[in-house]
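# Descriptive structure summary
Each chain, letter by letter, is given below.
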Amino acid sequence: MSFKEIKLAELNLNPFTKIDEWALLTVGDKQAFNMMTITGLMMGQLWIKKTLEVYVHPNRASYPIINQSNYFTVSFFPEPKSKALEIAGRLHGNQCDKTKETGLTPQFDQNGVYFGESDIVFICRKIYHTDVDQALFDSKDVFNAYYKTSTVFHRMFIGEIEKVLKRAVASS
């Protein structure tokens, strides 16, 4: 479970297909962290920075932690939609020990938490956040299809990608 830091230019990842496999958003530090499965993100360049944007609903246990944190990580795994990711998305961190339930092995970077079973990890420094606002939807069809009658909406977090880790290939 060793990782090496790589440059973004070395990364061969299609975000449109990779997110269909799900990813794990992790917030916090060694003392207290939580992870949640995400099935949507934005990746690219904004404000002359390489960025990754994630969305967290206020009902999630990760919400207060990401609001207090300066960093978050996004991890992709070799097995699409794995059992561990299904568990991390279904269970709430304030109701159980998700690390124990998923069987994932936490790894600690000075700026975040990721998991040894990951293939690729993005360590991101938060640079901006805003709340989704119903009044700003230009497409009411999109709003109605996703939020329906909800009155509580996601918060968007934009992180500058500071480090990319790739699982080191074991030599034979």
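Residues numbered from 1 in each chain as written. Predicted model: local features only at pLDDT ≥ 70, side-chain atom pairs only at ≥ 80, totals over all residues. Heavy atoms only, no water.

In this section: helix α3 (residues 83–90). Within an α-helix, residues lying three or four positions from one another point in the same direction, as the helix has 3.6 residues per turn. Considered for burial, the residues of α3 that qualify are A84, L85, I87 and A88. Buried residues along α3 cover an arc of 160° about the axis, so they all sit on one side. If you follow the buried residues of α3, they end up packed against β2 (23–28), β3 (33–38) and α4 (98–102). (Buried < 20%, exposed > 50% of the residue type's maximum accessible area, 1.4 Å probe, protein only. Helix = DSSP H or I, 4+ residues; strand = E, 2+ residues; numbered from the N terminus. Arc of directions from axis to C-beta. Contact = heavy atoms within 4.5 Å.)

This part covers the pattern of salt bridges. Side chains that carry opposite charge are capable of pairing whenever their charged atoms lie near each other. Here the structure, examined in full by the defined rule, presents 8 salt bridges. Salt-bridge contacts for R167 lead to D119; the nearest nitrogen and oxygen are separated by 3.6 Å. Pair noted here: R167 is in strand β10 (residues 155–167) and D119 is in the loop between β8 (112–115) and β9 (120–131), with a separation of 48 residues, a long-range link. According to the relative accessible area criterion, D119 is partly exposed, its value standing at 24%. Between R125 and E160 there is a salt bridge, and its shortest N-O distance comes to 2.7 Å. Residue R125 is located in strand β9, and its partner E160 is located in strand β10; the two are separated by 35 residues in the primary sequence. Note on E160: relative accessible area 16%, which makes it buried. Residues participating in the shared-partner salt-bridge network are K83, E86 and R90. (Salt bridge = Lys/Arg side-chain N within 4 Å of Asp/Glu carboxyl O.)

Tracing the chain through its elements places S62 in helix α2 (residues 62–68). The exposure class of S62 is buried, given its relative accessible area of 1%. A distance of 2.7 Å separates the side chain of S62 from the side chain of N34, its partner in a polar contact. S62 has contacts with V27, N34, M35, M36 and V56, leaving out every residue within four places of it along the chain. (Polar contact = N/O pair within 3.5 Å; in protein donor to acceptor, adjacent residues only side chain to side chain.)

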